[in-house]
Amino acid sequence: MVDQSLTSLTLANAAAAYSFITSFTTDDVWRLSTFGILSFLTLSFILLTIWEYQSWKKLSHIPGPPAAHFTILWLLRHAWVGNLFPSMVDAGNKYGDLVRIGPNLLLCSDPDELRRISGIRTKYTKGPAYDAGRVTEGDPHVASQRDLAKHKALRAKMGTAYSIDVQPVIDRQISKLIDLIDRKYATNRTSTNPTAEGRRNETSARFMNFGEKMHFYALDCLGAFAFGEPFGFLQKDEDINRMTQINDLSLRMVTVAGLVPWLSGLRTMWPFRCLVPKEGDKVGFGILFGFAKKLVDRRTAPDAKPKSDMMQEFIRSGMTRDELMQQVYIHIIAGSDTTSNWSRMVMLCLLTCPPAYMALQQEIDAATASGALSYPTATDSESRSLSHLDAVMREAMRMHPPSVSPSKLSPEGVDTVCGYAVPGGTQIGANVPGVLRSQAVFGPDANCFRPERWLEAAEEEDGYRLSRMKSTLALVFGAGKFQCMGTHIAYMEVRKLFVELMRRFDFAIVDNKRPLHVESLAIMVVHDFNVRITRRTRFPMLERRDFET
Ligand code: HEM
């Protein structure tokens, strides 16, 4: 009975509602929907304003470009057009040691603060920008690992691999490069060939893309000391599977994803996941996945013969299969663009500064003549004794750092950075390009490429200035618990390479007006760095037996 009356009541209500709705005219519907949309927009606007105000207020006491207080677009614009490092230097010069460059992003140019932020006992963690460096889902590689405990454990497992002797394999890649240059790109300064055609062939202006060859060299070194064999870039003298080309193209997206961290999350969603490299791709990074899988399968097979490379040490340290695969990715990402950029900038600085070029050549010639440098490749300790080479390498890196580290995340509570209160959860980036132009550390001519500053500082008795210059430059490799693990390897690769290049060849710029094209992203990208190479007569080239073992 009760049920029946309820049903009739509900039906009566529904009928009333229906007749109410059907009594609406088109105008009523139009007015109602306009009202709904306007209310929604007003509410969204109010919430957005409150959110913007709170986010602005949080760091409003820290100076910076006005637009950067409200939006990351200021920084994105500089990154997108490949002008990231110069804009960082400018911001530091204009606004001081701590600058607000985004609603929740600060840029610090004080070397002591940067060392503290990354120090061994720091409570700062890796910020969300590190997610942009992740290659696959699952556990990240060491560089993208943001969990401090997991990061520490992974670094500990990796430690011994970095103490293996990488010198012999680096020597072989240097010899391959020298041989390639000699066979394919170098010409003679003069020729005694009896025919005009012969003379032209021996002296005509061929040129080599130095930037590209440096990438080949760095990748082959990595392949050889990390995974037991070079990738073969130098041997084939070609961009195998367009690896370097696609790498360069992807760096713009990686930089943008580092500045707008939520973009990294999109790669797992449709339709973006279709664009992400995957195993089975015929070109680019996808090839890496297949390579990593095959390599790890081969090296962990029960009948695998142990090798003396880093991978063997990683296996010995008890890494899981996934961790071993991640090692392949991180080494290729961390160790190839960076080192090749350094070599490129050393060459650029030498070519555009004749006194430095001549002084270095004389130093290497004198050491060769006195028997202080071995043949066919000088040892690392012999190369270390070349003080001018050391000064040129450091000065080139100071003027043109190869990369910048992603920003760190401040701990809970309030920290004081450069005298400003910084609330927890704020991202702080290192203005390394700016720090390296510090007049307080490097002198009033810090904007000038002048390797002599390192030699002068080395002559001072107390050693204070030199040690301050060195520790400030070292920030290029990060600091403390986040510091680069391959610093000594990068130094060795570049130092040894330049001894052998400079004693065998002379180099000259091809396009004097624009020697190269640089895109300043989170990692510098270099295009069209063409050089002309002539053989020097003083020093013998290589025999094939010198490197085909
Ligand atoms: C000129 C050459 C190089 C430069 C400028 C450079 C720079 C850097 C920077 C800035 C970081 C991040 C630091 C941070 O998170 O604060 C890093 C991390 C790393 N680099 Fe390098 N790097 C170079 C060469 C290499 C090489 C040759 C290798 C390997 C053979 C390597 C292996 C690593 C690894 C494994 C990490 C991750 C460290 C961690 O997160 O604990 N790097 N590097």
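Worth saying up front: this structure is predicted, and the values here are computed from it rather than measured.

A look at the packing of helix α22 (residues 452–459) against helix α23 (residues 464–473)
- Where α22 contacts α23, the two axes come as close as 7 Å, and the packing angle between them is 135°. When the axis of α22 is compared with that of α23, the two are oblique. Note on element contacts: α23 touches α22 through Arg 465, Leu 466, Met 469, Lys 470 and Leu 473, opposite Arg 453, Trp 454, Glu 456, Ala 457 and Ala 458.

Section: the site of the ligand
- The ligand sits among 29 residues. The nearest are Lys 126, Tyr 130, His 151, Arg 155 and Cys 484.
- Side-chain polar atom of His 151 to an oxygen atom of the ligand: 2.7 Å apart, as the coordinates give it.
- Measuring from an oxygen atom of the ligand, one finds a side-chain N or O atom of Arg 155 at 2.5 Å.
- Among the secondary structure elements, those contributing two or more residues to the shell around the ligand are α6 (148–158), α15 (321–335) and α16 (337–351).
- Here the shell around the ligand gets 4 residues from one element, more than from any other, and that element is α15.
- Along the lines of polarity and charge, the residues of the shell around the ligand split into 16 nonpolar, 10 polar and 3 charged.

Quick look at the layout of surface pockets
- Taken as a whole, the second largest pocket spans an internal volume of roughly 390 Å³.
- Taken together, 15 residues line the second largest pocket, and the ones lying closest to its centre are Trp 51, Ile 72, Pro 103, Asn 104 and Leu 259.
- In terms of residue count, helix α2 (residues 26–58) provides more of the lining of the second largest pocket than any other element does, 4 residues in total.
- Its residues placed into classes, the lining of the second largest pocket shows 9 nonpolar, 4 polar and 2 charged.

Topic: the pairing of strand β8 (residues 427–430)
- Residues of β8 alternate between two faces, with Gln 427 and Gly 429 on one and Ile 428 and Ala 430 on the opposite face, all of them buried.
- Here 4 bridges tie strand β2 (residues 105–108) to β8, and the two strands are oriented parallel to one another. Along β8, the bridge assignment pairs Leu 106 with Ile 428.
- As paired elements, strand β5 (residues 408–409) and β8 share 2 bridges and run antiparallel to each other. From the neighbouring strand, Leu 409 faces β8, where its bridge partner is Gln 427.

Concerning empty space enclosed by the protein
- On inspection of all chains with the given rule, the structure shows 2 cavities of 30 Å³ or more.
- Taken as a whole, the largest cavity spans an internal volume of roughly 120 Å³.
- Residue lining of the largest cavity: 13 residues in total, with Leu 114, Ser 118, Ser 405, Lys 408 and Ala 430 positioned closest to the centre.
- Its residues assigned to classes, the lining of the largest cavity comprises 8 nonpolar, 4 polar and 1 charged.

Description of the nonpolar core
- Counting residues in hydrophobic clusters, the biggest one holds 120 residues, and the most contacted among them are Phe 210, Phe 225, Phe 498 and Phe 507.
- It is helix α9 (residues 210–227) that contributes the most residues to this core, 11 residues altogether.
- Counting residues in hydrophobic clusters, the runner-up holds 18 residues, among them Ala 68, Leu 76, Leu 84 and Leu 107.

A few points about the coordination of the iron atom of the ligand
- A lone protein donor binds the iron atom of the ligand: Cys 484 (SG), at 2.3 Å.
- Relative to the elements of secondary structure, Cys 484 occurs in the loop between α23 and α24 (487–504).

Observations concerning the packing of α16 against helix α19 (residues 387–399)
- The geometry of α16 relative to α19 is characterised by a closest axis approach of 9 Å and an angle of 105° between their N-to-C directions. In terms of orientation, α16 lies roughly perpendicular with respect to α19. Here Trp 342, Met 345, Val 346, Cys 349 and Leu 350 of α16 come into contact with α19, specifically with Val 392, Met 393, Ala 396 and Met 397.
- In terms of residue class, the contact of α16 with α19 is made up of 9 nonpolar, no polar and no charged.

Cut-offs used in this document
Residues numbered from 1 in each chain as written. Predicted model: local features only at pLDDT ≥ 70, side-chain atom pairs only at ≥ 80, totals over all residues. Heavy atoms only, no water. Axes fitted to C-alpha atoms, helices over the stretch in contact; angles between N-to-C directions. Helix = DSSP H or I, 4+ residues; strand = E, 2+ residues; numbered from the N terminus. Parallel < 35°, antiparallel > 145°, perpendicular 65-115°, else oblique. Contact = heavy atoms within 4.5 Å. Near = heavy atom within 4 Å. Polar contact = N/O pair within 3.5 Å; in protein donor to acceptor, adjacent residues only side chain to side chain. Nonpolar A, V, L, I, M, F, W, Y, C, P; charged D, E, K, R; others polar. 1 Å grid on protein atoms, 1.4 Å probe; cavity = no way out; pocket = protein on both sides within 12 Å on 5 of 7 lines; lining within 4 Å. Points joined across faces, edges and corners; volume = space filled by probe spheres on them. Buried < 20%, exposed > 50% of the residue type's maximum accessible area, 1.4 Å probe, protein only. Pairing = 2+ DSSP bridges. Core = buried A, V, L, I, M, F, W, Y, C linked by side-chain atoms within 4.5 Å. Donors = N, O, S within 2.8 Å, 3.2 Å for Na, K, Ca; no water.

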